[in-house]
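# Coordinate inspection notes
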Amino acid sequence: MPGHAPSALLGAAITPDPAKGPLLVAHLGGPKTGSSAIQAFCDHNRTALFRQHGILYPTLNPDRVPDTTPPDIPGDPNLELPHHGAVIMGMQPDAQDDYLDRAVAVCRTHGAGILLLSLEAPSLPDYADMVRRHGERTGLRAVAVCYVRRQDTWIEDAWKQWGLKYDQYPTPDDFARALMDRELDDVFFRAAVSVLEHAWLDEVWGFTDPADMVVRPYERPVLQCGDVVADLLGLLGVGSIARLPLPPSTNFNTNHGFTPEAIKLLRTVRPMFDGIYDNGPYAMLYDALPGAAAAPFAHVGLLSPGMRAAVLGHYAPCNERLARRMPAPHGHGDGMLFREAPDPDAPWWPDRELTMQEVATMLMQCVQRQHVRIGALEERLEQLERRERKE
């Protein structure tokens with residue numbers, strides 16, 4: 001890698017050197033660490049980040065200069081696509097090089113100091129290698145910003161999205177035990193084990209100058225303003241995101257989480273899922289029963305207290321190894337990666353079957369919501385019919 005000054009300390013801005021060209025910042029978000037929220041926010045505020053803060057978050061058309069002019073074709077994926085990192089990883093290496101060269105040219109022409117890319121798993125090591133290759137080829141400095149999450153809370157969220165779809169794991173505790181034992185060798189389990197043991201970071205470290213590797217624990221007391229979007233952009237010199245508008249909240253860019261009762265309902269109807277990566281029933285439930293969605297960071301324990309302790313003990317050596325590998329100025333020389341300990345008094349939802357009353361109540365709430373919607377549509381149709389008769 002080129003000989004540049006080490007990355008700024010955690011919590012301080014990563015400052016580019018204009019004399020050496022734009023700084024390439026690769027956000028590598030481990031699963032369940034707010035990557036979709038980061039991507040949606042940067043996509044929604046692409047023009048403001050470029051014009052006000054000198055940060056280019058490119059579209060699939062890297063030559064496009066962010067401005068307020070709407071695209072010729074609304075929704076054209078060549079212009080608007082928050083999760084473009086996965087598409088870039090599908091390109092051949094020469095196409096990736098061309099894409100990055102064109103984005104860098106836009107930065108140079110307009111004086112933007114930072115080229116920001118973002119990707120969530122599963123291609124993180126390959127993504128880091130692409131960034132490394134570009135840095136070596138062009139002489140530009142590249143910084144990797146990675147987020148990692150405490151394993152017990154990660155497993156609980158992974159259960160909600162993936163684990164409950166497995167027939168053989170009836171409870172979150174069973175799912176956690178299987179992950180620790182590496183019970184399966186399917187695509188999901190291999191990726192999950194890599195995340196839980198931080199193995200993917202070992203690969204990324206092999207492609208990145210250690211001085212340009214920033215690892216951030218995904219926990220509220222550590223994140224700037226308790227928010228991962230504010231944290232990443234704060235590292236890049238954006239003092240506050242309060243004046244930047246939030247993107248429309250959807251089930252794809254917000255971790256709604258769902259209540260324990262809704263999660264159990266989804267577990268009960270798991271034959272509706274077409275494999276563990278099918279999220280259609282989640283979108284359907286969120287649309288039909290938004291009250292079942294929990295607020296971001298809202299947490300009701302799904303693991304039993306005993307299993308939570310077992311998980312933390314099992315992965316403690318992985319966390320200590322990662323903490324000691326991080327540069328000493330980053331504040332983890334004592335081997336403590338995560339500072340936020342589990343709250344012994346936090347609410348816990350012991351796994352149980354739903355009662356008939358709970359199921360009937362959720363069903364009637366869905367029916368009521370559709371009844372209100374149908375009534376609003378009928379009223380709108382009547383208004384249109386009256387208008388037509390008058391004309």
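Residues numbered from 1 in each chain as written. Predicted model: local features only at pLDDT ≥ 70, side-chain atom pairs only at ≥ 80, totals over all residues. Heavy atoms only, no water.

Turning our attention to the overall build of the protein chain. Along the backbone of the protein chain there are 14 helices and five strands. Across the protein chain, every contact between residues at least 6 apart in sequence was considered, and the portion connecting residues at least 24 apart equals 75%. For the protein chain, the accessible surface area stands at approximately 18700 Å², while carbon and sulfur atoms represent 56% of it. (Helix = DSSP H or I, 4+ residues; strand = E, 2+ residues; numbered from the N terminus. Contact = heavy atoms within 4.5 Å. Areas by Shrake-Rupley, 256 points an atom, 1.4 Å probe, with all protein chains shown as cover.)

Within the element layout of this structure, Gln 151 appears in helix α6 (residues 151-161). Accessibility expressed as a relative area gives 1% for Gln 151, which makes it buried. Here the side chain of Gln 151 touches Asn 319 through a polar contact of 2.8 Å, side chain to side chain. If we ignore the near neighbours within four places in the chain, the residues touching Gln 151 are Leu 196, His 198, Val 311, Tyr 315, Asn 319 and Phe 338. (Buried < 20%, exposed > 50% of the residue type's maximum accessible area, 1.4 Å probe, protein only. Polar contact = N/O pair within 3.5 Å; in protein donor to acceptor, adjacent residues only side chain to side chain.)

Attention now goes to the sheet that holds strand β3 (residues 114-120). Read across the open sheet, the five strands follow the order β2-β3-β1-β4-β5; overall the sheet is parallel. The open sheet is flanked by β2 (55-56) and β5 (213-217), the only strands paired with a single partner. Examined bridge by bridge, strand β1 (residues 23-29) and strand β4 (residues 142-148) share six bridges and lie parallel to one another. Paired with Val 25 across the bridge in β4 is Val 143. Set on the sheet, helix α4 (residues 93-110) makes contact with β2 and β3; between it and β3 the angle comes to about 140°. (Pairing = 2+ DSSP bridges. Axes fitted to C-alpha atoms, helices over the stretch in contact; angles between N-to-C directions.)

Relative orientation and spacing of two packed helices are given, respectively, by the angle between their axes and the distance between those axes. For the pair helix α9 (residues 199-207) and helix α13 (residues 305-325), interaxial distance at closest approach is 11 Å and the crossing angle is 20°. Between α9 and α13, the angle is such that the two are roughly parallel. Once α9 is placed against α13, the crossing between them reads as left-handed. Where α9 approaches α13, its residues Leu 201, Asp 202 and Trp 205 are matched on the opposing element by Arg 321, Leu 322 and Arg 325. Class assignment of the residues belonging to the contact of α9 with α13 gives a composition of three nonpolar, no polar and three charged. (Parallel < 35°, antiparallel > 145°, perpendicular 65-115°, else oblique. Left-handed = near helix turned anticlockwise from the far one by under 90°. Nonpolar A, V, L, I, M, F, W, Y, C, P; charged D, E, K, R; others polar.)

What follows is about the pairing of β1. Of all seven residues in β1, seven are buried, a share of seventy percent or more. Neither face of β1 is open: one carries Leu 23, Val 25, His 27 and Gly 29, the other Leu 24, Ala 26 and Leu 28, and all of them are buried. Note that β1 and β3 share seven bridges and pair parallel. Paired with Leu 23 across the bridge in β3 is Ile 114.

Now for helix α10 (residues 228-235). Most of α10 sits inside the fold, with eight of its eight residues counted as buried. The complete set of buried residues in α10 reads Val 228, Val 229, Ala 230, Asp 231, Leu 232, Leu 233, Gly 234 and Leu 235. Against β1, α1 (35-44), α2 (46-53), β3, β4 and β5 lie the buried residues of α10. For α10, the side-chain oxygen to backbone nitrogen distance between the N-cap and Val 229 is 2.9 Å, and the N-cap itself is Asp 227. Two residues or fewer past α10, Gly 237 is found with a positive phi of approximately 95°.

The next thing to look at is unusual backbone geometry. Backbone geometry places Arg 182, a non-glycine residue, at a positive phi of 50°. The residue Arg 182 is located in the loop between α7 (172-180) and α8 (187-196) in this model. Positive phi, normally seen in glycine, also occurs at His 198, with a value near 65°. Mapped onto the secondary structure, His 198 falls in the loop between α8 and α9.

Take the pattern of salt bridges next. Under the defined criterion, the tally for this structure stands at 25 salt bridges. For Arg 141, the salt bridge is made with Asp 212, and the minimal N-O distance between the two is 3.0 Å. One end of the pair, Arg 141, is in the loop between α5 (124-138) and β4; the other, Asp 212, is in the loop between α9 and β5, and 71 residues separate them in sequence. In this structure Asp 212 comes out as buried when scored by relative accessible area, which is 3%. (Salt bridge = Lys/Arg side-chain N within 4 Å of Asp/Glu carboxyl O.)

Counting buried positions along β3 gives six out of seven residues, so the element sits mostly inside the fold. Pairing between β2 and β3: two bridges, direction parallel. Its bridge partner being in β3, Leu 56 is matched across the sheet by Leu 115.

Attention shifts here to the packing of helix α11 (residues 260-268) against helix α12 (residues 280-288). Look at α11 against α12: their axes get within 11 Å of each other, and the N-to-C directions meet at 135°. Here α11 lies oblique to α12, going by the angle between them. Of the two possible hands of crossing, α11 and α12 adopt the one that is right-handed. Residues Ala 262, Leu 265 and Leu 266 of α11 lie in contact with α12, whose contacting residues are Pro 281, Tyr 282 and Leu 285. In terms of residue class, the contact of α11 with α12 is made up of six nonpolar, no polar and no charged.

What follows covers the confidence of the model for the protein chain. In this model, the protein chain carries a mean pLDDT of 83, and residues with pLDDT of at least 70 account for 85%. Mean pLDDT values for the elements of the protein chain range from 71 in helix α3 (residues 84-89) up to 96 in α7. Note that residues 1-12 has pLDDT below 50 and, in this model, 34 contacts with residues that lie over four places away or in other chains. Across residues 73-79, where pLDDT falls below 50, the model places ten contacts with residues more than four positions away in sequence or in other chains. (pLDDT = per-residue confidence, 0-100.)

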